[in-house]
Amino acid sequence: MEINDLTPAEQQVWRAFSTGATVDFLEGADEDVAEGASWGPERTVRAAVLRALLLNGPQEPGEVAALRLSGARITGKLSLIYAGVDHAVRLSDCYFDEALDLYSSRLRQLNLRGSVFPALTLGSSHIDAPLRLTGCRARGVVKLGGMRIANAVFLDDAEITAPDAGIPALQLNQTSIGHDFWAPGLRVHGEMRLTGATVAGLVNLERAELRDSGGTALRADGLDAQADVRARGLRAHGRIELRGAHVAGRVDLSGSHLLNPDGTALRASSAVIGELWLYGSDPIEGTLNLRRSRIEVLNFEPEVLPGDVRLNNLSYTTLNPNRPADERLPMLKNDGDGYVPYAYEQLTNAYRRIGDDHAARLVQLAKLRRLRSTRAWYGRLWGYLQDATVGYGFRPLWACAWLLSLLAVGSITYTLHHPPALKPSEAPHFNPVFYTLDLLLPVISFGQEEAFAPDGWYQYLAYALIITGWILATTVVTGVTRTVSRQ
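Okay, so let's go over this structure. (Residues numbered from 1 in each chain as written. Predicted model: local features only at pLDDT ≥ 70, side-chain atom pairs only at ≥ 80, totals over all residues. Heavy atoms only, no water.)

So, the overall build of the protein chain
And step 1. Counting secondary structure elements, the protein chain contains nine helices and 36 strands.
And step 2. What you see for the protein chain is a C-alpha radius of gyration of 37 Å, clearly larger than the 23 Å of a compact globule of 487 residues, by over 25%.
And step 3. Along the longest, intermediate and shortest principal axes, the C-alpha atoms of the protein chain span 140 × 40 × 35 Å.
And step 4. Of all 487 residues assigned to the protein chain, the portion counted as buried reaches 50%.
And step 5. Taking the contacts inside the protein chain whose residues are at least 6 apart along the sequence as the reference set, 46% of them involve residues at least 24 apart.
And step 6. Accessible area of the protein chain: about 21,700 Å², with a carbon and sulfur share of 53%.
And step 7. Seen as two clouds, the 48 positive and the 53 negative side-chain charges of the protein chain have centres 5 Å apart. (Helix = DSSP H or I, 4+ residues; strand = E, 2+ residues; numbered from the N terminus. Rg over C-alpha atoms; globule rule 2.2 N^0.38 Å. Buried < 20%, exposed > 50% of the residue type's maximum accessible area, 1.4 Å probe, protein only. Contact = heavy atoms within 4.5 Å. Areas by Shrake-Rupley, 256 points an atom, 1.4 Å probe, with all protein chains shown as cover. Lys, Arg positive; Asp, Glu negative; His and termini not counted. Charge placed at Lys NZ, Arg CZ, Asp CG, Glu CD.)

Written as structure tokens, this is what we have:
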């Protein structure tokens, strides 16, 4: 391409390229790039000219050539498929009439800060320096899947809108990022994909808005983040998928709003996460699924959890903040998988690690009560008896109260009406207290029960005391055995 074939605006860009100088057509800092379709020929550059510069542009000895252009309208399609570009490319605050296609290219550096374009394809490309898409606006799909980026990706305050429902708006699946993925304030209307992506640094989605109502707002299955996933203040309308993710640091969703009332709001199943934070978040609207995950520290207030949680085979070490057991138990009762004993054991262990044995016992008691609801009627009946008498062995003082009450009833009754002796000549002196103890305690014998035989309804009272004594003894032994096994 000869310079004589270029418009005055294109000649200015052509001459600046060899020295890396900046050509700025912006008329003011507050100019709206989205109105670039109305910009005139004085600031219009053909995409073919830019391609010619990047592939075979003029260079001067001792200078570093680069394409630095701002505030231009770029007509035609900028295509660099499979191209190798050794120059820095900065096309900031530019308006593109057509989509950019840089599939499988190798770039030194790419900066599209503040630009507006229909779509962008960078799949399978390699970039040696940061990829800057700060504040850009895409009216179609941005494809970054399979890229290899040696440094960071910047998508802060960008806005990307999928043209049709069901089409992923932002695709970063299988992308490798050598530093941070920096996207605070990002707005995505459609599905955002980070499936199988590897990020050597921080994933920053603070104050981001991901909207795919009824679908998947963020799909990050198998994400490997070697630092934190920071998403404070995130607004997600649709499912968040972190299934199989590995996050070395924390997933921080503090102050977030997760909304997917007809399905799963957050699924982090089969994941390995250092810490999960939900402090100060709005109540989750939708199912929370943490099945089969391993999370060292869980940080959330009980009121954040939805009415449907899935905790089967979830392993965790610490649960913060420390709240009474009765505030944590509803999350186990509301488990959509039904009775999950493993979840009760995890909560019990969390309380024991901080030395709160009382809360741990309450969780175990709740576990047995939940188990009772799954048994046949006779199993439930036996469970109710154990619960009412000694609280399944976790409340042994109840047994003392029952025994003392029954002892008082029996002693008073048999004081007023002595049972006749079986062998009056051989019978010991009748003692109503020790006689009642003989009936209540199945192991100890004071010689009273064998010597005297009540009649009438007093005999039925004796039967009732014997049966009750066996029940109390069995439940006490059960409780003692459970206590010894815990120790």
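Description of the packing of helix α4 (residues 341-353) against helix α5 (residues 357-372)
And step 1. Following both chains from N to C, one finds α4 and α5 inclined at 170°, their axes separated by 8 Å at the closest point. As judged from the angle between their axes, α4 and α5 are roughly antiparallel. Two secondary-structure elements touch here, α4 through P341, Y344, E345, L347, T348, Y351 and R352 and α5 through D357, A359, A360, V363, Q364, A366, K367 and R370.
And step 2. The residue makeup of the contact of α4 with α5, split by class, is eight nonpolar, two polar and five charged. (Axes fitted to C-alpha atoms, helices over the stretch in contact; angles between N-to-C directions. Parallel < 35°, antiparallel > 145°, perpendicular 65-115°, else oblique. Nonpolar A, V, L, I, M, F, W, Y, C, P; charged D, E, K, R; others polar.)

Some details on the packing of helix α1 (residues 8-17) against helix α2 (residues 47-56)
And step 1. At a minimum axis separation of 11 Å, α1 and α2 run at an interaxial angle of 15°. The orientation of α1 relative to α2 falls into the category roughly parallel. The way α1 lies across α2 gives a crossing that is right-handed. Here E10, V13, W14 and F17 of α1 lie close against α2, whose contacting residues are V49, L50, A52, L53 and L54.
And step 2. Considered class by class, the residues forming the contact of α1 with α2 number eight nonpolar, no polar and one charged. (Left-handed = near helix turned anticlockwise from the far one by under 90°.)

Examining the nonpolar core
And step 1. Formed by 116 residues in total, the largest nonpolar core has its most connected members in L91, F181 and M192.
And step 2. Residue contacts for F181: discarding those within four places in its chain leaves V153, L155, L172, M192, V199, L202, V203, N204 and L205. (Core = buried A, V, L, I, M, F, W, Y, C linked by side-chain atoms within 4.5 Å.)

Some thoughts on the packing of aromatic side chains
And step 1. Evaluated as defined, the whole model comprises nine aromatic pairs.
And step 2. Seen from their ring centres, F96 and F117 are 6.3 Å apart, and the 75° between their planes marks the pair as edge-to-face. Remark: F117 occurs in strand β10 (residues 116-117) and F96 occurs in strand β7 (residues 95-96); sequence separation between them is 21 residues. This pair shows no difference in class: F96 is buried, exactly as F117 is.
And step 3. Measuring from ring centre to ring centre gives 5.5 Å for F430 and Y435, while their planes differ by 50°; the resulting arrangement is tilted. Like F430, the residue Y435 is buried in the burial classification.
And step 4. The side chain of R43 reaches across the aromatic face of W39, ending 3.8 Å from its centre.
And step 5. Here R328 stacks its cationic end above the ring of F300, 5.0 Å away from the centre of that ring. (Phe/Tyr/Trp six-rings, centres within 6.5 Å; stacked < 30°, edge-to-face > 60°. Lys NZ or Arg CZ within 6 Å of the ring centre and 35° of its normal.)

Some words on the pattern of salt bridges
And step 1. Summed over all chains, the structure comprises 22 salt bridges.
And step 2. Residue R187 is joined to E159 by a salt bridge in which the shortest nitrogen-to-oxygen separation is 3.3 Å. Taken together, the positions of R187 in strand β22 (residues 187-189) and E159 in strand β18 (residues 159-161) put the pair 28 residues apart, joining distant regions of the chain.
And step 3. In this structure, R211 and E209 form a salt bridge, with 3.0 Å as the shortest nitrogen-oxygen distance.
And step 4. Using a relative accessible area of 25% as the deciding quantity, one classes E209 as partly exposed.
And step 5. Via salt bridges that share partners, E191, R193, R219, D221 and R243 belong to a single interconnected network. (Salt bridge = Lys/Arg side-chain N within 4 Å of Asp/Glu carboxyl O.)

Structural notes on α2
And step 1. The complete set of buried residues in α2 reads A47, V49, L50, A52, L53 and L54.
And step 2. The elements touched by buried residues of α2 are α1, β2 (44-46), β3 (66-70), β4 (73-75), β5 (78-79) and β6 (84-92).

Notes on unusual backbone geometry
And step 1. Residue P321 is reached from N320 by a cis peptide bond, and omega for that bond is -10°.
And step 2. With respect to the element layout, P321 can be found in the loop between β36 (315-320) and α3 (325-333).
And step 3. Positive phi, close to 55°, is recorded for S104, a residue that is not glycine.
And step 4. Summarising the element assignment, S104 is placed in the loop between β8 (100-101) and β9 (106-111).
And step 5. The class of S104 is partly exposed, set by a relative accessible area of 25%.
And step 6. At S124, a position not held by glycine, the phi torsion is positive, near 65°.
And step 7. Structurally, S124 can be placed in the loop between β11 (120-121) and β12 (126-127).

Regarding the pairing of strand β30 (residues 246-252)
Each regular strand shows side chains that alternate between the opposite faces of the sheet.
And step 1. Two strands pair when backbone bridges link them, and strand β27 (residues 224-225) and β30 are joined in this way by two bridges, in the parallel orientation. Looking at the pairing, A225 lines up with V247 of β30.
And step 2. Bridge count between strand β28 (residues 229-230) and β30: two bridges; the pairing is parallel. Within the sheet, the bridge partner assigned to R230 lies in β30 and is D252.
And step 3. Where β30 and strand β32 (residues 272-277) come together, five bridges link them in parallel fashion. Bridging across to β32, V247 finds its partner in I273. (Pairing = 2+ DSSP bridges.)

Here we look at the environment of N260
And step 1. Note on placement: N260 falls in strand β31 (residues 257-267).
And step 2. Look past the residues within four positions of N260 in its chain and what remains in contact with it is G214, G215, G238, R239, A265, E285 and G286.
And step 3. In terms of polar contacts, N260 uses its side chain to reach the backbone carbonyl oxygen of T264, at 2.8 Å. (Polar contact = N/O pair within 3.5 Å; in protein donor to acceptor, adjacent residues only side chain to side chain.)

What to know about the pairing of β32
And step 1. Bridge count for β32 against strand β34 (residues 294-299) is five bridges, and the pairing is parallel. When the bridges of β34 are listed, W277 appears paired with N299.

Details of the environment of E241
And step 1. With respect to the helices and strands, E241 occurs in strand β29 (residues 235-241).
And step 2. Given the relative accessible area of 1%, E241 is considered buried.
And step 3. Between the C-alpha atoms of E241 and G222, which are 19 residues apart in sequence, the distance is 9.4 Å.
And step 4. Ignoring anything within four residues of it in the chain, the contact list for E241 reads T216, L218, R219, A220, D221 and R267.

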